[in-house]
Amino acid sequence: MSDAPTKVGVLGARGRMGSQACKAIDAADGLELVAGVDIHDSLAGLTGAHAEVVVDFTRPDVVMDNLKWCIGHGVSAVVGTSGFTDERVEELREMVGDRDDVTVLIVPNFSIGAVLMMRFAAQAAPYFESAEVIELHHPEKVDAPSGTAQRTAELIAGARADAGCGAMPDATASDPSGARGGAVGGVPVHSVRARGLVAHQEVLLGALGETLTIRHDSLDRESFMPGVVAGVRAVSGAERTLTGVVVGLEHVLGF
Ligand SMILES: NC(=O)C1=CN([C@@H]2O[C@H](COP(=O)(O)OP(=O)(O)OC[C@H]3O[C@@H](n4cnc5c(N)ncnc54)[C@H](OP(=O)(O)O)[C@@H]3O)[C@@H](O)[C@H]2O)C=CC1
Ligand SMILES: O=C(O)C1=N[C@H](C(=O)O)C[C@H](O)C1
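Each chain has its residues counted from 1, following the order in which its sequence is written. In the order they appear in the text, chains get letters beginning with A and ligands get numbers beginning with 1. Where local features are concerned, this predicted model is filtered to residues with pLDDT of at least 70; where side-chain atom pairs are given and counted, the filter is 80 or more; whole-chain, interface and lining totals use all residues. Based on all heavy atoms of the structure, the side-chain values leave hydrogens and waters out of the count.

1. A short note on the site of ligand 1
Here a residue counts as near a molecule or strand whenever at least one of its heavy atoms sits within 4 Å of it. In the region of ligand 1, 20 residues are neighbours, and Arg 16, Met 17, Ser 82, Phe 110 and Lys 141 sit closest. At 2.8 Å from an oxygen atom of ligand 1 is found a side-chain nitrogen or oxygen belonging to Lys 141. Contact with the protein chains covers 79% of the free accessible surface of ligand 1, which is 920 Å². Put simply, Ala, Val, Leu, Ile, Met, Phe, Trp, Tyr, Cys and Pro go in the nonpolar bin, Asp, Glu, Lys and Arg in the charged bin, and everything else, Gly too, in the polar bin. In terms of residue class, the shell around ligand 1 is built from eight nonpolar, seven polar and five charged. Pairs of N or O atoms are called polar contacts if they sit within 3.5 Å, as long as, within protein, a hydrogen donor faces a hydrogen acceptor (for residues adjacent in sequence, only side-chain-to-side-chain pairs). Accessible areas in this description were obtained via Shrake-Rupley with a 1.4 Å probe; residue shielding takes into account the shown protein chains only.

2. Things to note about the domain arrangement of the protein
A common measure of how large an interface is: the accessible area buried when the components associate. These domain limits were set by an automatic method or by a database of domain assignments. Domains assigned within the protein are domain 1 (6-106 + 221-253) and domain 2 (112-218). Here the C-alpha centre of domain 2 lies 27 Å away from the C-alpha centre of domain 1. Taken together, the contact between domain 1 and domain 2 spans 14 residues of the former and 14 residues of the latter. Buried surface area refers to the total accessible area, computed with a probe of radius 1.4 Å, that the two partners give up upon joining, counted for both partners together. Where domain 1 abuts domain 2, roughly 1,100 Å² becomes buried across the two surfaces, and 56% of that area is made up of carbon and sulfur atoms. We count a salt bridge whenever a side-chain nitrogen from Lys or Arg sits within 4 Å of a carboxyl oxygen from Asp or Glu. Seen at the junction of domain 1 and domain 2, the total is one salt bridge. For the pair domain 1 and domain 2, the interface holds three residue pairs in polar contact (both at pLDDT 80 or more). Each residue belonging to the side of domain 1 that touches domain 2 can be placed in one class, and the counts come to six nonpolar, three polar and five charged. Residue contacts follow a heavy-atom distance rule, with two residues in contact if any of their heavy atoms lie within 4.5 Å.

3. Remarks on the site of ligand 2
Around ligand 2 sit Ser 82, Pro 108, Asn 109, His 137, His 138, Lys 141, Ser 146, Gly 147, Thr 148 and Ala 199, and those are all the residues in its vicinity. One of the side-chain N or O atoms of His 137 is found 2.6 Å from an oxygen atom in ligand 2. Lys 141 is positioned such that a nitrogen or oxygen atom in its side chain is 2.8 Å from an oxygen atom of ligand 2. Protein chains shield 83% of the accessible area of ligand 2, which is 320 Å² for the free molecule. Tallied by class, the residues present in the shell around ligand 2 amount to two nonpolar, seven polar and one charged.

4. Some remarks on the pattern of salt bridges
One pass over the full model with this rule turns up 13 salt bridges. Measuring nitrogen to oxygen at the nearest pair gives 2.8 Å for the salt bridge that ties Glu 132 to Arg 180. Taken together, the residues span a long stretch of sequence, with Glu 132 in strand E6 (residues 130-137) and Arg 180 in the loop between helix H6 (147-162) and strand E7 (182-184) at a distance of 48 residues. Burial classes: relative accessible area under 20% of the type maximum marks a residue as buried, over 50% as exposed, and values in between as partly exposed (1.4 Å probe, protein chains only). Given the relative accessible area of 25%, Arg 180 is considered partly exposed. Where Glu 202 meets Arg 215, a salt bridge forms, and the shortest distance between an N and an O atom there is 2.9 Å. Secondary structure elements follow DSSP: runs of H or I no shorter than four residues count as helices, runs of E no shorter than two count as strands, and numbering proceeds from the N terminus.

5. Some words on the UniProt feature "domain: Dihydrodipicolinate reductase N-terminal" (unreviewed entry) in the protein
In this numbering, the UniProt entry assigns the feature "domain: Dihydrodipicolinate reductase N-terminal" (unreviewed entry) to residues 7-110. Strand forms 23% of residues 7-110 and helix 37%; the C-alpha atoms that close the span are 20 Å apart. UniProt positions are given in the numbering used here, feature names are shortened, and annotations may be inferred rather than shown by experiment.

Structure below.
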């Protein structure tokens, strides 16, 4: 077994998340930051620097092309970029096929608190008639709903379906402004964008005579960094535990 550090490249390296990820990787034992690539740089910089793993924090509209390139070049990827639907995940599974030299780890949210919030929401959902997701982010965010909200709603919908829950009560007959929000798997999702926010989410569950609110706040992007480093270790080098296409940091954390 080699003691050489795992060579890591970052896509979106000059962005809010990419720049912090570069610092976290640089500081992590056993990892070496070999390339930082942003919008006007060539992806060839990654292979030129012999990157074994790429961390992607770019944009939903470019991430699939980036991943196609990574898979084609035998480079594993840890993906923080949002915008992943079931169709996109399936497309990636087809691209990876039965190759065991490449892992694609898609992580809707790298913070431990958010991973637990999603888990608790899914656990609680079958016991409540109503469930809604309210996500709140900084106004520079280009997509809505957030990847975290999308994933949370999918998990809630899956847990409710497995438990045989019926449709949620809602007498709304007229909603010309879309005030009831979007719907993911039948779960209403509301997106707030406001100056001063970083990344926040509430899951509101309702039953007769009671509500349960599960809230998570990322107050600083530092909250995502231990998860990024753990994700890179899980797809590469001596600590590699994951193969194929995997969704969620829970598979790295082992729960
Ligand atoms: N999973 C998680 O825990 C988290 C995920 N995210 C997600 O990460 C993504 C990035 O967020 P954030 O850092 O805030 O966004 P930023 O806009 O700050 O960063 C994105 C960077 O990627 C660059 N970029 C755009 N296109 C390309 C390309 N084709 N190749 C390389 N670089 C490119 C952008 O350049 P330019 O500005 O010139 O377009 C920018 O520098 C979002 O999808 C966000 O939702 C964010 C936080 C946590
Ligand atoms: O854009 C962000 O900031 C974030 N994006 C991710 C998402 O879409 O869920 C994760 C976190 O919410 C921060």
